[in-house]
Structures are given as C-alpha cells and as structure tokens.
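# Structural characterization, general
So you can see what is in the structure, the chains are spelled out below.
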Amino acid sequence: MDFFKYQGTGNDFILIDDREETFPVSQDYIAHLCHRRFGIGADGLILLRNHPAYDFRMIYFNADGAEGSMCGNGGRCIVRFAHDLGLFEKETRFLAVDGEHQAAVNGDEVSLKMNDVTHIDQQPDFTFLNTGSPHYVKIVEEVEAMDVVAEGRAVRYSDRFAPGGTNANFMEPTSDKRLFVRTYERGVEDETYSCGTGVTASALVAHQQLGMQSPVSIQTLGGMLRVSFETGEAGGFSNVYLMGPAVRVYQGTIKA
Ligand SMILES: N[C@H](CCC[C@H](N)C(=O)O)C(=O)O
C-alpha cells in the first residue's frame, strides 16, 4: 500500500488515498504506523475518501490510533494532498468530522476555513473552547522555558475535563499582533511541534482577553501560522481562517 507523508509547521501526518476504501482501519494498526520507532512515525494518520457532495472526505486518526476530533494542520495537509492528486485547482470544499470546510492553495500556503466558534468558557485562569477539537488555553510568561509535557498532561487528565480530556495550549503574547504557542495534544499524548486547532483557539482567546486584532501571527515550535477572524454575535467568532505552509515530504510503500 502506498503512503504519503505531509507536514504543516512540523505537525506531521501519514496520508492515504483511500478512495477505494480498502484501508484496513484498526486502532492497533494505525497506532503502529504512527509509531516513531516501529512504524513510519507521525502525529496522526488521515484517510482521503470520496464523498458524493464534496471534493473529498477527511477521516483523521490521532497517533494513538483512535479517531480524533478535527485537526487543523491535518486539514491543511489533506488539502495539499488533494491538490497534489489533482482533485481541485485553487479552491476546495470537503467534509471532515466537524462538518464542511472550505480551503484554498496559494504556493506553499494552505488556508483552511474553520467552523464558527460560539461558546467560550472563560475561567479566571484559563479559557476552554472548541475549534473543532477541545482546547484549554492559558496565558503564560516565558512559554519557551515551560515543561509543556508535564503541565499539559496534568490538565489533559484532570477531573475537570474527564472523561474526554482536552488538548492544552500555553501562549505568550510576544507583540501586539503575535503569540508564541506550545501545545500538549491529547491522542498523541505529547507536545507536538504545532497544533492548528490549538493555535486557532489561542488566537481567539488573544482577541478576547488581550484585544489582539485579526490577523494574529503565531509562532510554534515548527514555524509560523496565521489566524484571521471576524467577531460574531454574542462574543462568538465567524470567518475563522487558519493559514500557513503544508507540504509533502516523502512517499513510500507500507509492507504488507
Ligand atoms: N493536531 C491537530 C489537533 C488534533 C486534535 C487531537 N489531538 C484531538 O483532540 O483529537 C490540529 O492541528 O488541530
């Protein structure tokens, strides 16, 4: 079976063209393929399937092999993959676990429209919101020096977010238009180099809490992303876009 490897700001994914629907979906098998020692190695695996009403359908699995909620960087990578497969030229519409997404390719950049965000749970020392996946966002100082794995894991497994858990983002404003964000990802159970839905959540929190204006630039361990948005009804957000590079890095064959 052929596979392709893509990455978007260092969030890396195995992409499979599964339009024939022959991929043997099983949690153990997907976890094995994503394993960085025994497998190909990736933060997640994504199947591209046909859909009668859309250019394609995205089915996303976290590195632990379980089907995940929406993945923003994975969404940008599958758009690049569909473009490489010749499924569209400049703009596309596809279906993911959280509904319809529009996207566009422009050189190395892929811009992905995210779902509107209506409900934001503002607590005294953190914010919780869903940008396709659940995200805890905390504003911190010296994010580069933090132990993101230890602190993120404590949040992820805390009673507050049981039983589903959450992704955990730690963000530091570095100018009036810029953030540095680090993310502990549930389902990978580690810090990743970048998390698209997490960066999106962080930008919206930066607007709400710090008055940061769209577009917000976000530095991650794996590179720069941008998020643009409009403020909607009753404190919500609409026309939310996640933008940044997404590229193919190699291709190969999975041993039968
Ligand atoms: N890396 C992803 C997030 C995956 C979500 C996953 N960790 C979950 O909560 O199921 C992103 O770029 O948005």
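All of these numbers come straight from a predicted model, not from anything done at the bench.

## Examining the pattern of salt bridges
Summed over the entire model, instances satisfying the criterion amount to 11 salt bridges. The partner of Arg 36 in a salt bridge is Asp 43, and the shortest N-O contact between them spans 3.0 Å. Glu 189 serves as the salt-bridge partner of Arg 156, at 2.9 Å between the closest nitrogen and oxygen. Here Glu 189 lies in the loop between strand S12 (178–185) and strand S13 (190–192) and Arg 156 lies in helix H3 (residues 148–156), a separation of 33 residues in the sequence. You can call Arg 156 buried: its relative accessible area is 12%.

## So, the domain arrangement of the protein chain
The domain architecture assigned to the protein chain consists of domain 1 (2–106 + 246–253) and domain 2 (120–245). Using only C-alpha atoms to locate each centre, domain 1 and domain 2 end up separated by 22 Å. In this assembly, domain 1 packs against domain 2 so that about 1,300 Å² is buried in total across both faces, 45% of it on carbon and sulfur atoms. Summed over the three residues of domain 1 that lose the most area to domain 2, namely Thr 9, Ser 69 and Arg 76, the buried surface amounts to 37% of that side. Where domain 1 touches domain 2, the interface holds zero salt bridges. Where domain 1 meets domain 2, there are 10 residue pairs in polar contact (both at pLDDT 80 or more). Elements represented by at least two residues in the side of domain 1 that touches domain 2 include exactly strand S1 (2–8), strand S4 (54–62) and helix H2 (72–84). By residue number, the principal contributor to the side of domain 1 that touches domain 2 is H2, which donates three residues. In terms of residue class, the side of domain 1 that touches domain 2 is made up of six nonpolar, nine polar and four charged.

## Regarding the nonpolar core
The nonpolar side chains of a soluble globular protein tend to be buried, and buried together. Counting residues in each nonpolar core, the largest one holds 47 residues, and the members touching the most others are Leu 15, Met 58 and Phe 94. A domain-level breakdown of this core finds at least three residues from each of domain 1 (2–106 + 246–253) and domain 2 (120–245). Among the nonpolar cores identified, the runner-up in size contains 15 residues, and Phe 3, Ile 16, Val 188 and Ile 254 belong to it.

## Overview of the site of the ligand
Inspection of the region around the ligand gives 16 residues, with Gly 72, Asn 167, Arg 186, Gly 196 and Thr 197 positioned closest. Asn 11 is positioned such that a nitrogen or oxygen atom in its side chain is 2.9 Å from a nitrogen atom of the ligand. Take Thr 197: an N or O atom from its side chain is 2.6 Å from an oxygen atom of the ligand. Burial of the ligand by the protein chains amounts to 99% of its free accessible area of 360 Å². Here the residues of the shell around the ligand sort into four nonpolar, 10 polar and two charged. Mapping the shell around the ligand onto the domain boundaries places at least three of its residues in each of domain 1 (2–106 + 246–253) and domain 2 (120–245).

## Digging into the side chain of His 135
Here His 135 lies in strand S10 (residues 134–139). Within the local environment of His 135, its side chain forms a polar contact with the side chain of Asn 169, the two groups lying 2.9 Å apart. A distance of 3.2 Å separates a polar side-chain atom of His 135 from the backbone nitrogen of Gly 198. What His 135 contacts, discounting residues up to four positions off in sequence, is Thr 127, Phe 128, Leu 129, Thr 166, Asn 167, Asn 169, Cys 195, Thr 197, Gly 198 and Ala 201.

Criteria and cut-off values
Residues numbered from 1 in each chain as written. Predicted model: local features only at pLDDT ≥ 70, side-chain atom pairs only at ≥ 80, totals over all residues. Heavy atoms only, no water. Salt bridge = Lys/Arg side-chain N within 4 Å of Asp/Glu carboxyl O. Helix = DSSP H or I, 4+ residues; strand = E, 2+ residues; numbered from the N terminus. Buried < 20%, exposed > 50% of the residue type's maximum accessible area, 1.4 Å probe, protein only. Domains from an automatic or database assignment. Buried area = accessible area lost by both parts, 1.4 Å probe. Polar contact = N/O pair within 3.5 Å; in protein donor to acceptor, adjacent residues only side chain to side chain. Nonpolar A, V, L, I, M, F, W, Y, C, P; charged D, E, K, R; others polar. Core = buried A, V, L, I, M, F, W, Y, C linked by side-chain atoms within 4.5 Å. Near = heavy atom within 4 Å. Areas by Shrake-Rupley, 256 points an atom, 1.4 Å probe, with all protein chains shown as cover. Contact = heavy atoms within 4.5 Å.

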